[in-house]
Amino acid sequence: MSKTPNEKPPEKLTGIRLTEVPKTAVGVKAIVSAVTHVKNEVGVAKGIQLLSKINQIDGFDCPGCAWPDPDEKRAFLAEYCENGAKAIAEEATKNKVSPIFFATNSVQELSKLSDYEIGKSGRITHPMYLSEGKDNYEKISWENAFKIIGEELNSLDSPDEAIFYTSGRTSNEAAFLYQLFVRQFGTNNLPDCSNMCHESSGAALSETLGIGKGSVTLEDFNHADLVIVIGQNPGTNHPRMLTALSDAKKQGGKIITINPLPEVGLMNYKAPQNPLKWIGSGQQLTDLFLQVKINGDVALLKIILKLMKEKEDDEPNSVFNHKFIKEKTAGIDALLKDLDLYSIEELLPQTGLKLSEIKETTELIINNENIIICWAMGLTQHKNAVDNIRELVNILLLKGSIGKKGAGTCPVRGHSNVQGDRTMGIWERPKASFLDSLEKEFKFKAPRKHGFDVVEAIDAMYKKKAKVFFGMGGNFISATPDTSFTAKALRNCNLTVHVSTKLNRSHLITGKSAIILPCLGRTEKDFQENKEQFVSVENSMGVVHQSKGTLKPCSKELLSEPAIVAGVANATLKKSTTNWSKLISNYDLIRTKIEATIPGFENYNERIRIKGGFYLPNNARKSDFTPTKTGKANFSINKPSEIELDKHQFMMMTIRTHDQYNTTIYGLDDRYRGVLNERRIIFMNENDMKLLHLKKLDVVDITSHFKNEKREAKGFLAVPYNIPKQCTATYFPEANVLVPLKSKADISNTPASKTVIITIKKR
Ligand code: SF4
């Protein structure tokens, strides 16, 4: 957008193309897109080898989302989705970022590229060092890299001046060693990507059900009478979930979708594995679509609860599962009293819906026993995100629809091992019992003071209270909110270190000096002392299973994540009770230590070799809520959103395109929303555009407003779309600059990337 936009039409300027929004999702188009991407990035032969192993019992786990694989039989041809194929193609790409690449491309030059272009540069082949004052990274030996990191860490006045971030791709074995190193170093500063995604779910579910994870299994979808999908777009973010929804429908189940956007993936589905299904209009998934306004969720759910109560008051025992409520729950009286404090009339405008639609939804909930509720970021990234999720649980508890077949909670995790990392102790607020077991097993004094989460870590770096940033995977600057503020924070550091597979923008927004440590990918073979190793991960439903690479590493200079942690630990910890080099010589030794310190991993090395792995204990799945404060499942009192927009303002939510996975941009198309070849766009309601005298593809500047602060993002194209009035949507990371760091969810501290108040000005 360097040139003045008004000279050329946007199409000419950016090459944007708008198409009809498709009526069906997946089908042959998804196959063509996946195969083309793999062929272009990896080549045919290696591509076939990779696709034959992804999510297979003896293969590697998809580095994409955390949707589970079937327990029993895996699909022979394709146990993966379009975006899973793209994820592995990106990792196994032919493109390499070598020392020569860095010698000929300075940080400044690379910074001018888009995130898409930076990512397409490829896999980093050698450890690289950007020394203070230099603008080009230079090759460095592993030994020297570890030495510099160790010296910098030991030069800090306190271990709490270092931040150790984790992205959800990190395996169990690497995550366990990493948190152990960080705690032996002396801090709990272990923020992770979960802080920005399902932290709100963890907080709400731990309080109400006694476990921060979902309760359902994949099999439960075959037994559900009703599946509610709220604040989630599985067609793009968890595509194999469409198979589970399709199976639920085939068993006679009904599906309700609640979302500000009518995402095609939830409307009509064409099963890719069945050529007969490629023709025709596909299988209708959603029976009832509620196009709720952004952040209108608690208001909507509270109306449903009020209508359920009204029916129960009129016809006792017709709605509430009194046996379950009496035996298993606490707090119903307070809930029923709270519901009486609200009128449907005052709540309805916040939803943007007709009462008739909500009544129809409530009827479906009343008339069905086995209900599964699925959600993702559309609920977790709001100021009242924890309220959103607790209110969902209230509905399930009134129905007794949890802890039995075909029923329960299903927060769908976005990163392949984000749940596993938390189970391994990657958390800035560790439980005392976990630290006790670490101390006992490793004979050291663990830090007890809670550490910084993502928002607090950025603030600490900005205020120079933290001076070293260490990122285990991920792309911190592009994943986090308030981009300009976060960039300043990172630049305040003495040293920034990234363990990465591919080049990304976080390698270009650095501290005074920076180091890149290139690691093995999930698709690559991992040998330690000439013995092939495998790692393990935990999916969204708590199944821990193996992942074993199949390709020769793209460079001889790569190290595995566990080996990198051991290298840093050996170079940093003067007196450690742990033999790091021995632990990484055979990952069974790491798993033995996990078994000794984390409940649920008994006979870990034996069970991880069972085909498909094993389920971790889940009290809610067994209708046992004893871990909660009351020893029962807790009803809760929740607040609708208090945000009020004035007539010139809009609510903005950041979303992903169909060609993106978190901050990895596979391509520039958003095929499922009819936008091709452009990412700087803002979806707007057509009438809102008329009110602002905006035409399709007019260039606009966006300003966000938070307390008395303003943030700007310039040069977006206005795209008319089927979205509620005064609601808008933009893509991240492009719009993250508009998301204030301090605008975050109560209790969970998750950045409120789905509730950003903006104004829009035509250029
Ligand atoms: S649904 Fe998720 S885990 Fe499964 S193949 Fe697709 S991206 Fe990978």
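Because the structure is a prediction, the values reported are computed rather than measured.

### Details of the pairing of strand E30 (residues 699-706)
Next, step 1: For E30, the buried fraction is high: 7 of the 8 residues fall into the buried class.
Next, step 2: Across 7 bridges, E30 lies against strand E31 (residues 709-720) in antiparallel orientation. Counted as the bridge partner of Val700 is Phe716 from E31.
Next, step 3: Between E30 and E31, which pair antiparallel and follow one another directly, the connecting turn spans 2 residues, one of which, Lys707, has a positive phi of 50 degrees.
Next, step 4: With 5 bridges connecting them, E30 and strand E33 (residues 756-762) associate as antiparallel partners. The residue bridging Val700 from the neighbouring strand is Lys762, located in E33.

### As for the environment of Thr578
Next, step 1: Examined against the element boundaries, Thr578 turns out to sit in the loop between helix H25 (561-572) and helix H26 (580-585).
Next, step 2: Remark: the alpha-carbon pair of Thr578 and Lys443, spanning 135 residues in sequence, is separated by 8.9 Å.

### Concerning unusual backbone geometry
Leaving glycine aside, a negative phi is the common case for residues, and trans is the common case for peptide bonds.
Next, step 1: Residue Phe732 is joined to Pro733 through a cis peptide bond whose omega torsion reads 10 degrees.
Next, step 2: Tracing the sequence through the fold places Pro733 in the loop between strand E32 (727-731) and E33.
Next, step 3: In this model, Asn530 sits at a positive phi of 65 degrees, which is unusual for a non-glycine residue.
Next, step 4: Along the polypeptide, Asn530 turns up in the loop between strand E19 (526-528) and strand E20 (531-533).
Next, step 5: Owing to a relative accessible area of 74%, Asn530 belongs among the exposed residues under this scheme.

### Some remarks on the site of the ligand
Next, step 1: Surrounding the ligand, one finds Asn55, Cys62, Cys65, Tyr80, Cys81, Gly84, His238, Pro239 and Arg240.
Next, step 2: When the residues that make up the shell around the ligand are grouped by side-chain class, the tally is 5 nonpolar, 3 polar and 1 charged.

### Let's talk about the nonpolar core
Next, step 1: Membership of the largest hydrophobic core comes to 57 residues, with the highest contact counts inside it found for Phe164, Phe181 and Leu517.
Next, step 2: When residues of this core are assigned to their parent elements, the largest contribution, 8 residues, is made by helix H9 (residues 172-185).
Next, step 3: Formed by 54 residues, the second largest nonpolar core is a distinct cluster that contains Val292, Ile303, Leu364 and Phe635.

### A short note on helix H15 (residues 332-339)
Next, step 1: Buried residues of H15: Ile332, Leu335, Leu336, Asp338 and Leu339, and no others. Taken around the axis of H15, the buried residues stretch over an arc of 160 degrees, which confines them to a single face. Residues Asp333 and Lys337 are exposed on H15 and point more than 90 degrees away from its buried face.

### What to know about the pattern of salt bridges
Next, step 1: Per the stated rule, a full pass over the model turns up 57 salt bridges.
Next, step 2: Salt-bridge contacts for Glu90 lead to Lys120; the nearest nitrogen and oxygen are separated by 2.5 Å. Of this pair, Glu90 sits in helix H4 (residues 82-91) while Lys120 sits in the loop between helix H7 (115-119) and strand E4 (123-124), and the two are 30 residues apart along the sequence.
Next, step 3: Under the relative-accessibility criterion, Glu90 is labelled buried at 3%.
Next, step 4: Close ionic contact of Glu263 with Arg673 constitutes a salt bridge, the shortest N to O distance being 2.8 Å. Here Arg673 lies in the loop between strand E27 (664-665) and strand E28 (675-676) and Glu263 lies in the loop between strand E9 (254-258) and strand E10 (268-270), a separation of 410 residues in the sequence. Here Glu263 and Arg673 have matching classes, each one buried.
Next, step 5: When salt bridges with common partners are traced through the structure, they connect Asp192, Glu199, Arg422, Glu428 and Arg429 into a single cluster.

### A short note on a positive patch on the surface
Next, step 1: Taken together, the side chains of Lys39, Lys46, Lys94, Lys96, Lys552 and Lys556 present a region of like positive charge at the surface.
Next, step 2: Along the chain, the position of Lys46 falls in helix H3 (residues 44-51).

### Overview of the packing of helix H8 (residues 142-154) against H25
Next, step 1: Between H8 and H25, the least distance of the axes is 8 Å, while the angle of their chain directions is 55 degrees. In this view, H8 runs oblique relative to H25, as classed from their interaxial angle. Considering the relative orientation of H8 and H25, their crossing is right-handed. For the pair formed by H8 and H25, the contact residues are Trp142, Phe146, Lys147, Ile149, Gly150, Leu153 and Asn154 on the first element and Ala563, Ile564, Gly567, Val568, Ala571 and Thr572 on the second.
Next, step 2: Taken together, the residues of the contact of H8 with H25 sort by class into 8 nonpolar, 4 polar and 1 charged.

### Some details on the sheet that holds strand E2 (residues 25-26)
Next, step 1: Strand order in the open sheet made by the 3 strands is E2-E10-E11, with mixed pairing throughout. Both outer strands of the open sheet, E2 and strand E11 (283-284), are each paired with one neighbouring strand and no more.

### Overview of empty space enclosed by the protein
Gaps left between atoms are located by rolling a probe of water-molecule size over the structure's atoms.
Next, step 1: Evaluation of the coordinates by the stated rule reveals 6 cavities of 30 Å³ or more.
Next, step 2: For the second largest cavity, the lining is made up of 16 residues, of which Leu520, Gly521, Arg522, Asp526 and Val535 are closest to its centre.
Next, step 3: Its residues assigned to classes, the lining of the second largest cavity shows 4 nonpolar, 6 polar and 6 charged.

### Comments concerning the sheet that holds E32
Next, step 1: Pairing is mixed in the closed barrel, where 6 strands are placed in the order E25-E32-E29-E31-E30-E33. Averaged over neighbouring strand pairs, the angle between their axes works out to 45 degrees when direction is ignored.
Next, step 2: Taken together, the 4 bridges between strand E29 (residues 681-684) and E31 define a ladder with parallel strand orientation. Along E31, the bridge assignment pairs Ile682 with Ala718.

### So, the packing of aromatic side chains
Two numbers describe a pair of aromatic rings. These are the distance of the centres and the angle of the planes.
Next, step 1: Applying the stated criterion to the full structure yields 21 aromatic pairs.
Next, step 2: Geometrically, the ring pair formed by Phe101 and Phe102 is edge-to-face, given 5.7 Å between the ring centres and 90 degrees between the ring planes. The residues Phe101 and Phe102 share a single accessibility class, namely buried.
Next, step 3: Consider the rings of Tyr462 and Phe485, whose centres lie 3.8 Å apart with planes at 10 degrees: the pair is stacked. Of this pair, Tyr462 sits in helix H22 (residues 454-462) while Phe485 sits in helix H24 (residues 483-491); the two residues are 23 residues apart in sequence, bridging distant segments of the chain.

### Overview of the domain arrangement of the protein
A common measure of how large an interface is: the accessible area buried when the components associate.
Next, step 1: For the protein, the domain assignment lists domain 1 (97-185 + 420-607) and domain 2 (199-411).
Next, step 2: When each unit is reduced to the centre of its C-alpha atoms, the spacing between domain 1 and domain 2 is 37 Å.
Next, step 3: Facing 7 residues of domain 1, the contacting portion of domain 2 comprises 8 residues.
Next, step 4: Both faces considered, domain 1 and domain 2 share a buried interface measuring about 520 Å² in area, 40% of it formed by carbon and sulfur atoms.
Next, step 5: Broken down residue by residue, the surface that domain 1 buries against domain 2 is led by Arg422, Ser540 and Met541, which jointly contribute 71%.
Next, step 6: The shortest N-O distance in the salt bridge between Arg422 and Glu199 comes to 2.8 Å.
Next, step 7: On the surface where domain 1 and domain 2 come into contact, there are 4 residue pairs in polar contact (both at pLDDT 80 or more).
Next, step 8: Its residues assigned to classes, the side of domain 1 that touches domain 2 shows 2 nonpolar, 2 polar and 3 charged.

About the cut-offs
- Counting restarts for each chain: residues are numbered from 1 in the order of the written sequence.
- Residues qualify for local features only when their pLDDT is at least 70, as the model is predicted, and side-chain atom pairs are given and counted only at 80 or more; totals for whole chains, interfaces and linings, by contrast, use all residues.
- As a rule here, side-chain values cover all heavy atoms of the structure and leave hydrogens and water aside.
- Burial classes follow relative accessibility: with a 1.4 Å probe on protein chains only, a residue under 20% of its type's maximum area counts as buried, one over 50% as exposed, and anything between as partly exposed.
- Here a strand is any run of E in DSSP of at least two residues, a helix any run of H or I of at least four, and the numbering for each starts at the N terminus.
- Only when DSSP finds a minimum of two bridges between them are two strands counted as paired.
- Nearness here has a simple test: a residue counts as near a molecule or strand if at least one of its heavy atoms is within 4 Å of that partner.
- Just so you know the grouping, Ala, Val, Leu, Ile, Met, Phe, Trp, Tyr, Cys and Pro go in nonpolar, Asp, Glu, Lys and Arg go in charged, and all remaining residues, Gly too, go in polar.
- Definition of nonpolar core: a set of buried residues of the types Ala, Val, Leu, Ile, Met, Phe, Trp, Tyr and Cys, connected through side-chain atoms within 4.5 Å.
- The arc refers to the directions leading from the helix axis to the C-beta atoms.
- Every case where a carboxyl oxygen of Asp or Glu lies within 4 Å of a side-chain nitrogen of Lys or Arg is listed as a salt bridge.
- Residues enter patches when their relative accessible area tops 30% and they take part in no salt bridge; the joining distance is 9 Å for like charges and 5 Å for the nonpolar side chains Val, Leu, Ile, Met, Phe, Trp and Tyr.
- The accessible surface values rely on the Shrake-Rupley method and a 1.4 Å probe; as for residues, cover is taken only from the protein chains in view.
- In this tally, Lys and Arg are treated as positive and Asp and Glu as negative; His is ignored, and so are the chain termini.
- Charge positions are represented by NZ for Lys, CZ for Arg, CG for Asp and CD for Glu.
- For every element, the axis is a line fit to its C-alpha atoms; helices are fit only across the contacting stretch, and the angle between N-to-C directions ranges from 0 to 180 degrees.
- When an angle is under 35 degrees it counts as roughly parallel; over 145 it counts as roughly antiparallel; between 65 and 115 it counts as roughly perpendicular; any other value is oblique.
- Crossing chirality is assigned from the near helix's rotation relative to the far helix, an anticlockwise turn below a right angle marking it left-handed and a clockwise turn marking it right-handed.
- Contacts are residue-level and defined by heavy atoms, with any inter-residue pair within 4.5 Å sufficient.
- We place a 1 Å grid over just the protein atoms. Points where a 1.4 Å probe fits but has no way out form a cavity, open points with protein on both sides within 12 Å along at least 5 of 7 lines form a pocket, and any residue with an atom within 4 Å of a point lines it.
- Grid points are joined across faces, edges and corners, and a volume is the space filled by probe spheres set on the points.
- A pair of Phe, Tyr and Trp rings is counted when the ring centres sit within 6.5 Å of each other, with Trp represented by its six-membered ring. The angle between the planes then sorts it: under 30 degrees is stacked, over 60 is edge-to-face, the rest tilted.
- Note that domain bounds follow an automatic or database assignment of domains.
- Joining two parts hides part of their accessible area as seen by a 1.4 Å probe, and the buried area is that hidden amount summed over both.
- Polar contacts here mean pairs of N or O atoms no more than 3.5 Å apart (in protein, one a potential hydrogen donor and the other a potential acceptor; neighbouring residues in sequence count only if both atoms are side-chain atoms).

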